[in-house]
Every structure is written in structure tokens, then in C-alpha cells.
Amino acid sequence: MDTAAGQEVVLKGVAAAPGISLGPAYLYSKLIPRVEEKSITPEEVEGEIGRLRNANARSEKELLKIHAYAEQKLGSQNARIFEAQIMILADAILMGAIETRIARELKNAEFVIADEITKYKQIMLAAHDEYMRERARDVDDVMNRIIRNIQDQKLFSKLEGASIIVSETLAPSDTVIFSRNQVLGYATDLGGVTSHAAILARSLKIPAVVGLRTSTKTVRTGDIVAIDGYAGLIVLNPTEETIQTLERKKRRFMEFEGRLVNIAGLTAETLDHKHIELSANIEFDTEMEFSREQGSAGIGLFRTESQLIGRASYPTEEEQYQAYRRVADGVFPHSVIFRTFDVGGDKISPDTEHEANPFLGWRGIRVLLDRPELFLDQLRAILRASTQKNVRIMFPMVSTIQEIRRAREMVSRAQKELDARALPYDPGIKIGIMIEVPAAAVLAEEMAGEADFLSIGTNDLIQYLMAVDRDNAAVAPLYQQFNPAVLRTIRHIIDAGHKKGVWVGMCGQMAGDPLATVLLVGLGIDELSVIPSVLPEIKKIILSIKYKEAKRVADKSLAMSTEQEIREHLSSIIKNKVPEIPFDE
Ligand code: PEP
Ligand code: MG
């Protein structure tokens with residue numbers, strides 16, 4: 001698209017993290033740098049080696065910065081991957097061999113680097129040891145970094161000043177690493193609202209719009225872009241009028257958010273005193289303080305797989321224990337629900353193989369049951385952190401009753417192992433499961449008979465129920481959280497749990513959608529676990545409604561047959577009950 005004239009262009013995507021900002025774009029491309037073979041003269045050798053050493057020093061500086069940031073954001077264990085990369089740069093034998101070849105073969109530095117490091121990499125890739133194969137990826141990263149530096153190409157780690165990152169897609173770790181810069185927003189061509197990069201953007205409080213399809217082809221580095229994470233759009237070359245409209249909207253939202261601060265200390269209860277446990281979804285212990293400030297009653301979902309970011313292997317029991325203990329202590333006297341590693345799907349995983357259909361593959365509890373040593377390490381670590389009786393365990397991606405039974409057996413085994421080591425834990429620890437697979441939803445009553453609580457994972461449940469990839473923008477309109485099939489399934493799960501006397505919560509993104517609150521309360525949900533940034537808004541809604549009325553809203557919604565009718569109904573209710581909520585039309 002020709003935007004040379006500075007014409008305003010609006011690109012519509014999907015709102016993934018709220019907020020509005022304006023700034024220069026930075027086009028992030030993960031393209032591998034091109035390497036050409038060039039001959040040099042003997043007189044040029046010294047200069048070429050100088051370029052190599054300079055690039056090496058710059059790469060080291062970048063990696064040291066990334067390492068320091070990762071350490072602060074994710075802890076020293078998780079930052080180790082960058083230490084390994086720094087060590088490769090410092091490898092005198094490797095660098096010496098590259099310099100010798102430049103001088104002897106009279107070839108340009110990037111060609112020799114690529115050739116020499118690729119040889120290294122091939123040997124590592126051929127290894128049977130998974131660890132060695134993983135290290136090959138580090139080597140690759142380092143190689144690309146030095147070559148980019150030799151070629152003087154811009155890298156995200158050298159971002160200067162605040163920017164809006166425009167990219168085809170972002171991995172969760174990209175999102176975290178980018179956030180060490182002054183990132184004003186994320187705009188991606190691919191991805192869905194529930195992708196883990198989007199979830200992280202929300203945790204980091206950075207506006208994000210995904211599923212823009214053509215942003216990387218339309219926007220260039222340095223272009224001025226406005227991002228509206230409420231409406232799910234970006235505006236290239238915004239006019240003065242557009243900027244002012246967005247500024248007004250931002251003020252409106254910020255004022256509303258500011259007014260909500262004073263409800264943090266209140267308990268989430270309807271006007272007719274139905275209590276809803278309102279807790280927070282987090283992935284890093286650094287988010288605990290913010291979620292407390294936002295007024296959460298504990299942590300309803302701690303995604304433990306965040307500990308795997310930047311690592312090539314699973315953390316040890318002791319490493320995990322330290323991390324879980326920090327969270328359990330930090331949240332006390334409230335509780336935390338640790339969800340055991342949910343690897344696979346679109347999530348990080350140190351050792352899952354490439355699969356044709358990862359969302360239907362080796363994921364969540366399936367991996368853990370196949371890897372008992374890994375499962376036991378994690379269970380022992382969680383149990384050891386439970387001595388104050390404020391810890392719960394939750395299993396992801398359960399699809400059969402046998403899986404729950406086998407997982408509970410593993411908990412008993414972990415308890416026995418701790419008994420043998422005379423280590424204390426909470427013997428009455430509550431064990432729950434996520435309902436995110438349709439089969440588990442259908443069998444919710446039987447499932448509830450085997451668990452202490454159920455938590456509905458709508459992000460996955462909707463994708464499996466509607467057969468719509470949660471990250472695929474092309475089918476995003478079919479990802480309908482208010483589809484009658486979804487609503488009826490949720491009602492069925494809540495009723496089934498209550499029949500068996502267990503509480504039923506929700507920790508998918510739907511729990512944090514203000515449009516869904518009245519409906520969910522009316523359906524009888526006991527707990528809502530939401531991202532910390534939306535917590536006060538959801539609490540405000542709960543405080544403004546009557547359970548009796550919410551039940552009527554739920555019944556009426558359930559009798560409707562299209563998502564559009566249901567949305568309109570819920571929207572009219574919320575506008576009437578909580579008119580100050582600044583909904584985006
Ligand atoms: C879910 O599926 O709703 C959920 C909370 O789990 P995740 O988003 O981590 O897959
Ligand atoms: Mg899930």
C-alpha cells in the first residue's frame with residue numbers, strides 16, 4: 001500500500017490488550033540475515049577482523065543487557081539461556097578459528113562466521129542428546145546476532161526511544177524481552193486475543209492489537225502510528241483530528257479506571273449479598289503486588305509454564321519450590337492455585353516435538369502423565385510450598401476421568417516421597433481441574449465427583465467447542481464466547497459442579513470481559529479469575545447488580561439462538577446498570 005503521501009490508513013484487527021498510545025513504529029522482523037561470500041585483499045584482513053571483534057563486542061553488550069533484564073523480570077534461573085549465549089561469544093577457540101580463516105582464505109567476516117558456526121551447529125544437531133540439540137538453537141541465535149551487528153542492521157535490542165512494535169507475529173518470550181524497551185504497543189499480523197503473547201502484553205500493561213493481517217506490509221519503521229487496544233485497530237499517519245479523538249477516549253478510560261481505585265478494598269458481592277471470589281491470573285511473581293493493589297482475593301490461576309521461558313530444560317524441584325514458596329508467601333493470607341505445567345499447544349515447551357496439530361496434541365496433563373519424573377518434581381515443589389494451607393493444585397487439559405485419577409495418584413506418590421524426606425506439606429491440599437475440553441464439559445458431573453473444584457478455561461473450551469483456532473485471525477469471528485452453545489455448556493458445567501458440591505470458577509479471558517459478568521454471576525459462577533488490569537471493573541459490575549436480576553438475564557440469554565442477540569442483550573443490561581463503563585462501540 002502506498003502511504004508515501006502520509007495519508008491516514010486505518011487497519012482493523014482484534015483488541016488484545018487495552019490502552020491507547022501514539023508513537024513511531026518499529027518493524028520487527030525475525031528474518032535471518034543474508035550472508036554473501038565475498039573475497040577480500042590481504043590489506044583488508046585487519047579491517048575485517050576489526051569488524052568481527054566490534055560486532056562481537058556489540059553482541060556481548062546486547063546480550064548482557066537482555067540477560068540483566070530477563071534476570072530482573074523472570075528470575076536468574078530463567079535468564080540462564082542468555083548466559084550460555086554470552087559464553088559462546090567469549091569462546092576464544094571459536095573466535096580464533098574464525099579470525100585465522102579470514103586471514104588464510106581471504107573471505108569476508110560474515111561468510112566465515114556463518115560457515116564456521118554452522119559446522120558447530122550441525123555437530124550439535126546430530127547429537128542424540130536433547131540438551132545438545134537445544135544448545136544448537138542458542139548457537140544459531142548468537143550467529144545471527146553477530147552477523148546482524150557486522151551488517152549494522154537494526155535489532156530490537158537496540159531500540160532507541162519509545163516505539164510501537166509492528167511484527168508478523170510475536171512469541172511470548174519476544175513480548176517479555178521487548179518490554180525492557182519503552183514499548184508503546186504491539187501490533188501483529190497474526191495471533192488471537194488468547195495467544196500467550198497477548199496475555200503477556202496485558203500483564204505487562206502494554207496496548208496490543210493482533211490479527212491485523214497486513215500491518216507489516218503497510219507500516220515502515222519510523223512511521224507514526226496510533227494504537228487503540230480497546231477498539232482493536234491501528235492508525236497509520238493519524239490526522240490531528242484522529243489524534244485528538246483518541247486522546248479524548250484515552251482520558252475517558254483513564255478517568256474511569258482512576259475512579260475504580262477506591263473499590264480495591266471492597267469484597268466482590270452483589271447488592272443482594274451473593275459473594276463472588278474475584279481473583280487474579282498471573283504468570284510472574286512480579287505481578288503479585290499489582291494484583292493485590294487492584295484488589296484481588298488471591299490468585300485463581302498461576303500459569304507455572306512461565307518458568308520455562310528462555311530455558312532449554314525443566315527447572316528442578318528446588319528451583320520450583322523457591323518460586324512457588326515466594327508466591328504462596330506473597331499472597332498469604334489469600335490462596336494461590338498453581339496450575340501444573342501446561343506445555344504444548346501454542347505454549348512454550350522445552351522438549352515437545354513438532355506436531356501437525358499441536359492444539360490437539362501432546363499438551364498439558366497428557367505431557368505430565370507421560371513424564372512422571374517431571375510431574376513429581378513439580379508436585380513435590382508445590383506441596384512443599386503449601387505448608388500455610390493457602391495453596392491449591394490444578395490440572396490443565398483434562399479430557400478423561402482416568403487422567404484425574406492418575407494425576408491424583410501422582411499427588412499421593414509425591415506426598416509419600418516428601419514423608420520419606422520428613423518434609424512438611426498441607427495434607428488436605430485441594431486439587432482441582434480445568435474444564436477446557438468438550439469431553440470434560442460433557443462429563444462435568446463425573447469430573448466434579450473426582451475433584452475438589454472446577455475452573456472453566458474458556459480460551460481453550462471455546463476453541464475446541466467451536467472448532468476455531470484461538471490464534472487464527474482468519475476465523476476470529478467464529479471464536480464466539482457468547483455463542484449459545486458456549487453459554488449452555490457453561491451452565492451445564494456450573495450446575496454439574498454444584499450437584500456434586502464443588503465450587504466452579506472461570507479463569508479463561510471470558511471471566512474478565514465486562515460484558516460477560518452479569519451473565520456469569522446469573523449462571524451461578526462461584527469464582528472469577530481475571531487479569532489484574534480488569535479486576536476493578538469486574539468488581540464494580542458485581543457491586544452494582546442483584547443476583548436475582550442477573551439470574552433473569554442469564555435465563556433470557558440462554559433462550560436466545562445467536563451470539564449477536566445475546567451480545568446486544570448483555571450490552572443493554574450493562575449500559576443500564578453500570579452506565580459509567582466506557583464501552584467501545
Ligand atoms: C484457558 O484455556 O481458558 C486457560 C485459562 O488456559 P490457557 O489460556 O493458559 O490455555
Ligand atoms: Mg487452556
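Here is a short report on the structure shown in this document. This is a predicted model, so every value here is computed, not measured. (Residues numbered from 1 in each chain as written. Chains lettered and ligands numbered in written order. Predicted model: local features only at pLDDT ≥ 70, side-chain atom pairs only at ≥ 80, totals over all residues. Heavy atoms only, no water.)

1. Quick notes on the coordination of the magnesium ion (ligand 2)
(1) Moving on: Every protein donor of the magnesium ion (ligand 2) is accounted for by Glu436 (OE) and Asp460 (OD), and the metal-donor separations fall at 2.0 to 2.2 Å. On the criterion of sequence distance, the pair formed by glutamate 436 in the loop between strand E13 (430–435) and helix H15 (438–442) and aspartate 460 in helix H17 (residues 458–466) is long-range, its members being 24 residues apart.
(2) Moving on: Residue classification places glutamate 436 among the buried positions, given a relative accessible area of 2%. (Donors = N, O, S within 2.8 Å, 3.2 Å for Na, K, Ca; no water. Helix = DSSP H or I, 4+ residues; strand = E, 2+ residues; numbered from the N terminus. Buried < 20%, exposed > 50% of the residue type's maximum accessible area, 1.4 Å probe, protein only.)

2. Here we look at helix H14 (residues 401–420)
(1) Moving on: Over its 20 residues, H14 extends 29 Å from the first C-alpha to the last, a length consistent with the 28 Å expected when each residue adds 1.5 Å.
(2) Moving on: Residues Ile401, Glu403, Ile404, Ala407, Met410, Val411, Ala414, Gln415 and Leu418 constitute the buried set of H14.
(3) Moving on: Just past H14, the residue alanine 422 takes up positive phi, approximately 55 degrees. (Expected span 1.5 Å × (residues − 1).)

3. What about unusual backbone geometry?
(1) Moving on: Omega for the peptide link from phenylalanine 332 to proline 333 comes to 10 degrees, which places this bond in the cis form.
(2) Moving on: For proline 333, the position within the fold is in the loop between helix H11 (317–331) and strand E11 (336–339).
(3) Moving on: Here the phi dihedral of histidine 273 falls at roughly 65 degrees; this positive angle occurs in a residue that is not glycine.
(4) Moving on: For histidine 273, the location among the structural elements is in the loop between helix H9 (240–260) and strand E9 (277–282).

4. Remarks on the sheet that holds strand E1 (residues 9–12)
(1) Moving on: Taken together, 8 strands build an open sheet; the order of strands is E1-E8-E7-E3-E4-E5-E6-E2 and the sheet is mixed. Only two strands of the sheet have a single partner each, and these edge strands are E1 and strand E2 (14–17). Neighbour-to-neighbour, the strand axes of the sheet open up by a mean angle of 30 degrees, direction not taken into account.
(2) Moving on: Pairing between strand E3 (residues 20–28) and strand E7 (residues 224–228): 5 bridges, direction antiparallel. Within E7, the residue paired with glycine 23 across the bridge is valine 225.
(3) Moving on: With respect to the sheet, H9 is in contact with E3, E7 and strand E8 (233–236), its orientation differing from that of E3 by roughly 115 degrees. (Pairing = 2+ DSSP bridges. Axes fitted to C-alpha atoms, helices over the stretch in contact; angles between N-to-C directions. Contact = heavy atoms within 4.5 Å.)

5. Quick notes on the sheet that holds E13
(1) Moving on: The parallel closed barrel is built from 8 strands, whose spatial order is E9-E10-E11-E12-E13-E14-E15-E16. Averaged over neighbouring strand pairs, the angle between their axes works out to 25 degrees when direction is ignored.
(2) Moving on: Bridge analysis of E9 against strand E16 (residues 527–530) gives 4 bridges, and the strand direction is parallel. Residue pairing across strands places alanine 280 opposite valine 530, the latter belonging to E16.
(3) Moving on: Contacts between helix H13 (residues 372–384) and the sheet are confined to E11 and strand E12 (391–395), with E12 contributing the most and set at about 155 degrees to the helix.

6. Digging into the packing of aromatic side chains
(1) Moving on: Scanning the model with the defined rule gives 6 aromatic pairs in all.
(2) Moving on: Ring centres of tyrosine 324 and phenylalanine 338 lie 4.7 Å apart, and the angle between their planes is 45 degrees; this geometry places the pair in the tilted category. Here tyrosine 324 is found in helix H11, whereas its partner phenylalanine 338 is found in strand E11, with 14 residues between them in sequence.
(3) Moving on: For phenylalanine 338, a relative accessible area of 0% puts it in the buried group.
(4) Moving on: With 4.6 Å between their ring centres and 0 degrees between their planes, phenylalanine 453 and tryptophan 503 make a pair best called stacked. Of the two residues, phenylalanine 453 is situated in strand E14 (residues 453–456) and tryptophan 503 in strand E15 (residues 503–506); the sequence distance between them amounts to 50 residues.
(5) Moving on: Linked through ring pairs, Phe302, Tyr324 and Phe338 together constitute an aromatic cluster.
(6) Moving on: The cationic tip of lysine 274 hangs over the ring face of tyrosine 547; the distance from NZ or CZ to the ring centre is 4.9 Å.
(7) Moving on: Above the face of the tyrosine 321 ring, arginine 384 is positioned so that its terminal group lies 4.1 Å from the ring centre. (Phe/Tyr/Trp six-rings, centres within 6.5 Å; stacked < 30°, edge-to-face > 60°. Lys NZ or Arg CZ within 6 Å of the ring centre and 35° of its normal.)

7. Description of the pairing of E3
(1) Moving on: Inspection of the sheet shows E3 paired to strand E4 (residues 163–167) by 4 bridges, in the parallel sense. Bridging from a neighbouring strand, tyrosine 26 pairs with isoleucine 165 of E4.

8. Here we look at helix H22 (residues 563–577)
(1) Moving on: With 15 residues, H22 extends 21 Å between its outermost C-alpha atoms, agreeing within 8% with the 21 Å of an ideal straight helix rising 1.5 Å per residue.
(2) Moving on: Listed as buried for H22 are Glu563, Ile566, His569, Leu570, Ser571, Ile573 and Ile574.

9. Brief notes about the pattern of salt bridges
(1) Moving on: In total, this model carries 33 salt bridges according to the counting rule given.
(2) Moving on: Among the salt bridges present, the one from arginine 380 reaches aspartate 377, with a minimum N-O distance of 2.6 Å. One end of the pair, arginine 380, and the other, aspartate 377, are both in helix H13, 3 residues apart, so they sit about a helical turn from each other.
(3) Moving on: Several salt bridges share partner residues, and in doing so they unite Glu317, Glu318, Asp377, Arg380, Arg384, Arg413, Glu417 and Arg421 into one network. (Salt bridge = Lys/Arg side-chain N within 4 Å of Asp/Glu carboxyl O.)

10. Re the packing of helix H3 (residues 92–105) against helix H4 (residues 109–125)
(1) Moving on: Running from N to C, H3 and H4 point in directions that differ by 135 degrees, and their axes come no closer than 9 Å. Put simply, H3 runs oblique to H4. Relative to H4, the crossing made by H3 is right-handed. The residues of H4 that touch H3, namely those facing Leu94, Ala97, Ile98, Arg101 and Ile102, are Ala109, Val112, Ile113, Asp115, Glu116, Ile117, Lys119 and Tyr120.
(2) Moving on: Split into classes, the residues belonging to the contact of H3 with H4 amount to 9 nonpolar, no polar and 4 charged. (Parallel < 35°, antiparallel > 145°, perpendicular 65-115°, else oblique. Left-handed = near helix turned anticlockwise from the far one by under 90°. Nonpolar A, V, L, I, M, F, W, Y, C, P; charged D, E, K, R; others polar.)

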